[in-house]
Amino acid sequence: MRGGGGRVHRSYSVVVFVVLASLDNVVIGLTPPLYGRIGDGLGVGRGAIAGVISMTYLVSAVASVIWAYSGDRTDRKRLLMSGTLVWAAGTAGTALSADFVMFVIAQLTAAAGLGAVSSVGFSVVTDLITPRRRGLVMAFFGLAQGIGSLSGTLLGGLLGNADWRRPFAVLTVAGLVATVAYLFTYDIRRGESEPELAEAADYDYRISRRDLPRILGNRSNVWLVAQGFTAQIAFGSLVWLPVLFTERARHQGYDDSTAVVVGTIFTTLFQLGGALSIIGGVLGDRLQRRNPRGRALVAAVGVLGALPFYGILFYVPMKIDVPNGGSSGQVVGAVLASVVSEPTVALSLLTAFTALAFTSANSPNWFALIGDVNLPEHRGTVYSIGNLVNSLGRAGGNALIGVAAKALSGAFPPPLNYAAGLALFQLFFVPTGVMYWLASRTAPHDIKAVHDTLLERANQDQDQESAEGTARAPA
């Protein structure tokens, strides 16, 4: 049942969906800092836990296609609430896992529910926002995901330092609160923010299997989906940033507990540059108004421009000065103080901010482009297909960086082997930039095709309403 729809109600709905986009990434980012502790607690190696996390990426991505196709046909709010309850059940099961098998089942359950939040939520947000501001709002949508990943890393490394089960229990409660928040969101109709449909009473078009050839034949979709594979191999490798900085701390003589906290805090600080995705979204919006190639060109420049800065980040020497064996609060305070007092830390932070400022242009412009070149009833499904390909790349990057680091350890002792592996994996941004450039050439045609189709449908609806009004008029 639709209700409200005023500015406050719509703003509340946007906030809820953005926060939920953050929460599902908290779940994703929670486990990597705890690989060792979870493995010790369940009696398995770190590699086994990393393998499970790679599996969750794939399960979430496959599930998102199913959720999204259903969302493009049925009630999206109901699906979002159901998906949130499923991932909350999975995190609860993780916290209660008595053995490795139960842990695997619980993680895969949570992953299945997360597929709904990402894909169906994206479809709803694109319908809430006009194309002129789509990049900006999608920057917040993507930023929320980045904040979620950072929060997951921070929550896992700090709250889970003494007890790895605790952060999963906390997240279960957050999932239940989110489900209640969904109840009060605005039930927006498909295509409501499209200018061509401003006068339309309703938009009854739904995806069907007959639409799949059109979706797959859309040249911009091909490039936008394909670039995600190579991009996410690079991004997926960055999941091992906490490992790199933890190994640096160990190399400088710190015990395991202190090293884990150091690695977590440094990773969190370095990834704060993702907040600059807002700039990428705004630039994409402005350039898109002048040139229909704009968003794709901004994304291409972003991913290619980041390469040299990532190389510097991984290799720049960094002096770590924290109390060995101190409490988490003492270690955190020392790390934050070193940003001002230690030049090597300040240089690393500046380099990380610059690298992430460039790559963060990717996310909002990709989201916005998926909305621009696809009809409203196709967007969730196309996003989920892209998310599936992204997850294949991310899982590959996450898994292969560990293999690469081990293979490189013969020539480069830790932590240099992790630095070399991470630098090597960033080269996957090169084909990503090329594919964005190709998308910039096809996007103008596909955007116009969406505009023409929506305008035609709106005119048909108006003609039908006029004919029905004439038929009802008295003779």
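The rules behind each value
- Residues numbered from 1 in each chain as written.
- Predicted model: local features only at pLDDT ≥ 70, side-chain atom pairs only at ≥ 80, totals over all residues.
- Heavy atoms only, no water.
- Salt bridge = Lys/Arg side-chain N within 4 Å of Asp/Glu carboxyl O.
- Helix = DSSP H or I, 4+ residues; strand = E, 2+ residues; numbered from the N terminus.
- Buried < 20%, exposed > 50% of the residue type's maximum accessible area, 1.4 Å probe, protein only.
- Axes fitted to C-alpha atoms, helices over the stretch in contact; angles between N-to-C directions.
- Parallel < 35°, antiparallel > 145°, perpendicular 65-115°, else oblique.
- Contact = heavy atoms within 4.5 Å.
- Nonpolar A, V, L, I, M, F, W, Y, C, P; charged D, E, K, R; others polar.
- Phe/Tyr/Trp six-rings, centres within 6.5 Å; stacked < 30°, edge-to-face > 60°.
- Expected span 1.5 Å × (residues − 1).
- Arc of directions from axis to C-beta.
- 1 Å grid on protein atoms, 1.4 Å probe; cavity = no way out; pocket = protein on both sides within 12 Å on 5 of 7 lines; lining within 4 Å.
- Points joined across faces, edges and corners; volume = space filled by probe spheres on them.
- Core = buried A, V, L, I, M, F, W, Y, C linked by side-chain atoms within 4.5 Å.
- Patch = residues over 30% accessible without salt bridge, like charges linked within 9 Å, V, L, I, M, F, W, Y side chains within 5 Å.
- Areas by Shrake-Rupley, 256 points an atom, 1.4 Å probe, with all protein chains shown as cover.
- Lys, Arg positive; Asp, Glu negative; His and termini not counted.
- Charge placed at Lys NZ, Arg CZ, Asp CG, Glu CD.

## A look at the pattern of salt bridges
Part 1 of the argument: Evaluated as defined, the whole model comprises 12 salt bridges.
Part 2 of the argument: When the shortest N-O distance is used, the salt bridge between Arg 379 and Glu 194 registers 2.8 Å. Residue Arg 379 is located in helix α18 (residues 379-408), and its partner Glu 194 is located in the loop between α7 (166-182) and α8 (212-217); the two are separated by 185 residues in the primary sequence.
Part 3 of the argument: Residue Arg 379 is classed as buried on the basis of its relative accessible area, which comes to 1%.
Part 4 of the argument: Notably, a salt bridge pairs Arg 457 with Glu 377, separated by 2.9 Å at the nearest N-O pair. A residue pair is termed long-range when its members are at least 10 positions apart, and Arg 457 in helix α20 (residues 429-472) and Glu 377 in the loop between α17 (362-372) and α18 qualify at 80 residues.
Part 5 of the argument: Each of Arg 76, Asp 127, Arg 134, Glu 194, Asp 285, Arg 295, Asp 372 and Arg 379 takes part in one network of salt bridges that share partners.

## Some details on the packing of helix α13 (residues 294-305) against helix α14 (residues 307-315)
Part 1 of the argument: At their nearest, the axes of α13 and α14 sit 5 Å apart, and the two run at 30 degrees to each other. With respect to their mutual orientation, α13 and α14 come out roughly parallel. Of α14, the residues touching α13 (which contributes Val 303, Leu 304 and Gly 305) are Leu 307, Pro 308 and Phe 309.
Part 2 of the argument: A per-class count over the contact of α13 with α14 returns five nonpolar, one polar and no charged.

## A word on the side chain of His 378
Part 1 of the argument: Its place among the elements puts His 378 in the loop between α17 and α18.
Part 2 of the argument: Setting aside anything within four residues of it in sequence, one finds His 378 in contact with Asp 72, Ile 207, Asp 211, Arg 214 and Ile 215.

## As for the packing of aromatic side chains
Part 1 of the argument: Summed over the entire model, instances satisfying the criterion amount to 15 aromatic pairs.
Part 2 of the argument: Relative to Phe 266, the ring of Phe 245 has its centre 6.1 Å away and its plane inclined at 40 degrees; by these criteria the two rings are tilted. Residue Phe 245 is found in helix α10 (residues 241-251), and its partner Phe 266 is found in helix α11 (residues 256-270); the two are separated by 21 residues along the sequence. There is no split in this pair, since Phe 245 and Phe 266 are both buried.
Part 3 of the argument: Consider the rings of Tyr 310 and Phe 314, whose centres lie 6.0 Å apart with planes at 20 degrees: the pair is stacked. One end of the pair, Tyr 310, and the other, Phe 314, are both in helix α14, four residues apart, so they sit about a helical turn from each other. An identical accessibility class is assigned to Tyr 310 and Phe 314; each is buried.
Part 4 of the argument: Within the aromatic cluster, the residues linked to one another by ring pairs are Phe 100, Phe 103, Trp 164 and Phe 168.

## So, helix α15 (residues 328-341)
Part 1 of the argument: For α15, with 14 residues, the first-to-last C-alpha span of 20 Å sits near the 20 Å given by 1.5 Å per residue.
Part 2 of the argument: If you check which residues of α15 are buried, you get Val 331, Ala 334, Val 335 and Ser 338. Along α15, the residues classed as buried sweep out an arc of 100 degrees about the axis, all on the same side. Among the exposed residues of α15, those oriented more than 90 degrees off its buried face are Gly 329 and Val 340.
Part 3 of the argument: Turning to α15, the residues buried within the fold contact α11 and α16 (343-359).

## Quick notes on the layout of surface pockets
Part 1 of the argument: Computed from the structure, the second largest pocket encloses a volume of approximately 400 Å³.
Part 2 of the argument: As for the second largest pocket, its lining consists of 19 residues, and the residues nearest its centre are Pro 131, Arg 132, Gln 288, Asp 372 and Ile 447.
Part 3 of the argument: Among the elements of the structure, α12 (277-290), α17 and α20 are those that each provide at least two residues to the lining of the second largest pocket.
Part 4 of the argument: Top contributing element to the lining of the second largest pocket by residue count: α20, with five residues.
Part 5 of the argument: Partitioned by chemical class, the residues of the lining of the second largest pocket number six nonpolar, three polar and 10 charged.

## Remarks on the nonpolar core
Part 1 of the argument: One finds Trp 87, Phe 266, Phe 270, Tyr 310 and Phe 314 to be the most contacted residues of the largest nonpolar core, which totals 113 residues.
Part 2 of the argument: Discounting residues that sit within four places of it in the chain, Trp 87 has contacts with Leu 23, Val 27, Ala 110, Gly 113, Leu 114, Val 117, Leu 171 and Gly 175.
Part 3 of the argument: Leu 197, Tyr 203, Leu 454 and Ala 458 belong to the second-largest nonpolar core, a separate cluster that totals six residues.

## Considerations on helix α2 (residues 35-42)
Note on helix geometry: an α-helix contains 3.6 residues per turn, so any two residues three or four positions apart are oriented the same way.
Part 1 of the argument: Among all positions in α2, only Tyr 35, Ile 38, Gly 39 and Leu 42 are buried. The arc that holds the buried residues of α2, viewed along the axis, is 100 degrees, so those residues lie on one side.

## Here we look at the environment of Ala 98
Part 1 of the argument: Summarising the element assignment, Ala 98 is placed in the loop between α4 (76-95) and α5 (100-128).
Part 2 of the argument: Looking at Ala 98, the relative accessible area reads 65%, which means it is exposed.
Part 3 of the argument: The spacing of Ala 98 and Glu 194 is 96 residues in sequence and 50 Å in space, taken between C-alpha atoms.

## Regarding a positive patch on the surface
Part 1 of the argument: On the surface, Arg 132, Arg 133, Arg 286, Arg 289 and Arg 290 cluster together to form a positively charged patch.
Part 2 of the argument: On the secondary structure map, Arg 290 appears in helix α12.

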